[in-house]
Amino acid sequence: MATESSTQVPEASSCKFIGCSIKALPEDQWISAAEEACVENPANAPESQMLYQATDEVISPQHLALLTSKYWGKSGVRLTVSFLDDPEVLLRTRILSHMNAWAAFANVQFTEVPSSGQVRISREVDGYWSYLGTDIKSIRRNRATMNLESFSMDTPELEFKRVIRHETGHTLGFPHEHMRPEIVDQIDRKAAIDYFGRTQGWTPDQVIAQVLTPLNNAQIIRIGEADEESIMCYSLPAEIMEDNVAVLGGMDINASDGELAGRVYPLKDKNLV
């Protein structure tokens, strides 16, 4: 929950705070990836009939592709994981344990394989990022689908929870919670572009894509108001908010995240998507 404007954006120990970006596929792959997502889970398809009724314009395949969700199928998530830079066994085990933290709430399992996993993790100096849900199927098997910049056994446990569980949420198909319209509407665009350019090295286009573009209502499945303490929510400092009140963001999977994951990938029979 938001606090007074003097509250600082939380950082884990002495680590530099690194934000996350959702990796987007090249535009020439949007349509094929959307088709793949709908094959994997037919409920991913946007409700195009309602979209056509709402406008007289012809909706392009590219636009429909952007409205397509990327969740895995109703039988749950069983994905293999491999590491591109051969980290030590203890680190691999620790990362997998945090990825599988989602299994406490949902029908989710990540299993390590020696190579060519469906999820492929690198640790390049390239920030924290992941492709969204079924988009990982469109990435060549020698390329990463998730990056955990410089993660090691010396990385604080708080960062393992904040970062790995967040990036795994993207792999499960969950978008950024801070891109709910009610949060985006409270952001000062100019201040945000300056802040993320200064602290993350992002271009204005990257800030617009990762922070300032609200989710379409069809992409929102979390019931009720935006959850500012969700693991999928960024920390947003008071200096970029119109009301000068910080959004603290999530540091771990919370009850709301667990409830949502359990509805999308239920441990029992009932499915949401």
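Bear in mind the structure is a predicted one, so any value in this text is a computation, not a measurement.

J.: Help me understand unusual backbone geometry, please; the structure alone is not making it clear to me.
T.: Excluding glycine, most residues fall at negative phi; most peptide bonds, likewise, are trans. In this structure, serine 116 takes a positive phi of about 55 degrees despite not being glycine. The residue serine 116 is located in the loop between strand E3 (108-112) and strand E4 (119-122) in this model. Its relative accessible area of 41% is what places serine 116 among the partly exposed residues. At serine 150, a position not held by glycine, the phi torsion is positive, near 60 degrees. With respect to the helices, strands and loops of the structure, serine 150 is situated in the loop between strand E6 (146-148) and helix H5 (157-171).

J.: Quick question: what am I supposed to make of helix H1 (residues 30-40) here?
T.: What sets the pattern is the α-helix's 3.6 residues per turn: residues three or four places apart point alike. Within H1, burial applies to Ala33, Ala34 and Ala37. Buried residues of H1 fall within an arc of 100 degrees about the axis and therefore sit on the same side.

J.: What's the story with the packing of aromatic side chains in this structure? I'm lost.
T.: Aromatic ring pairs are defined here through the distance separating the ring centres and the angle between the ring planes. In total, this model carries 10 aromatic pairs according to the counting rule given. Judged by centre distance (6.4 Å) and plane angle (35 degrees), the rings of tryptophan 202 and tyrosine 234 are tilted. Separated by 32 residues along the polypeptide, tryptophan 202 in the loop between helix H7 (189-200) and helix H8 (204-212) and tyrosine 234 in the loop between H8 and helix H9 (255-264) bring together distant segments of the chain. The exposure class assigned to tryptophan 202 is buried, which follows from its relative accessible area of 12%. Accessibility expressed as a relative area gives 7% for tyrosine 234, which makes it buried.

J.: Looking at this model, I keep getting lost on the environment of valine 39. Mind explaining?
T.: By the secondary structure assignment, valine 39 is in helix H1. On the basis of relative accessible area, valine 39 is assigned to the exposed category, the value being 67%. C-alpha of valine 39 to C-alpha of tryptophan 72: the two residues are 33 residues apart in sequence and 9.7 Å apart in space.

J.: Sorry, what's going on with the sheet that holds E3 here?
T.: The strands making up a sheet associate through hydrogen bonds between their backbones, and the pairing can be parallel or antiparallel. The strand order E1-E5-E6-E4-E2-E3 describes an open sheet built from 6 strands, whose pairing is mixed. Lying at the two open borders of the sheet, with one neighbouring strand each, are strand E1 (20-23) and E3. Looking at each pair of strands side by side, their axes are set apart by 25 degrees on average, direction ignored. Here 4 bridges tie E1 to strand E5 (residues 128-131), and the two strands are oriented parallel to one another. Within E5, the residue paired with isoleucine 22 across the bridge is serine 130. Lying on the sheet, H5 is in contact with E1, strand E2 (77-83), E3, E4, E5 and E6; it crosses E5 at an angle near 20 degrees.

J.: Explain the nonpolar core to me, please; I cannot follow it from the model alone.
T.: Grouped together as the largest cluster of nonpolar side chains are 42 residues, with contacts concentrated most on Phe174 and Tyr265. Only E2, helix H4 (89-99), E3, E4, E5, E6, H5 and H9 provide two or more residues apiece to this core. Ignoring any residue separated from it by four or fewer positions in sequence, one finds phenylalanine 174 in contact with Tyr71, Trp102, Leu132, Gly169, Met232, Leu260, Ala261, Val264 and Tyr265. Core analysis: the second largest hydrophobic core is formed by 17 residues, Cys20, Ile183, Tyr195 and Val247 among them.

What counts and what doesn't
- Residues numbered from 1 in each chain as written.
- Predicted model: local features only at pLDDT ≥ 70, side-chain atom pairs only at ≥ 80, totals over all residues.
- Heavy atoms only, no water.
- Helix = DSSP H or I, 4+ residues; strand = E, 2+ residues; numbered from the N terminus.
- Buried < 20%, exposed > 50% of the residue type's maximum accessible area, 1.4 Å probe, protein only.
- Arc of directions from axis to C-beta.
- Phe/Tyr/Trp six-rings, centres within 6.5 Å; stacked < 30°, edge-to-face > 60°.
- Pairing = 2+ DSSP bridges.
- Axes fitted to C-alpha atoms, helices over the stretch in contact; angles between N-to-C directions.
- Contact = heavy atoms within 4.5 Å.
- Core = buried A, V, L, I, M, F, W, Y, C linked by side-chain atoms within 4.5 Å.

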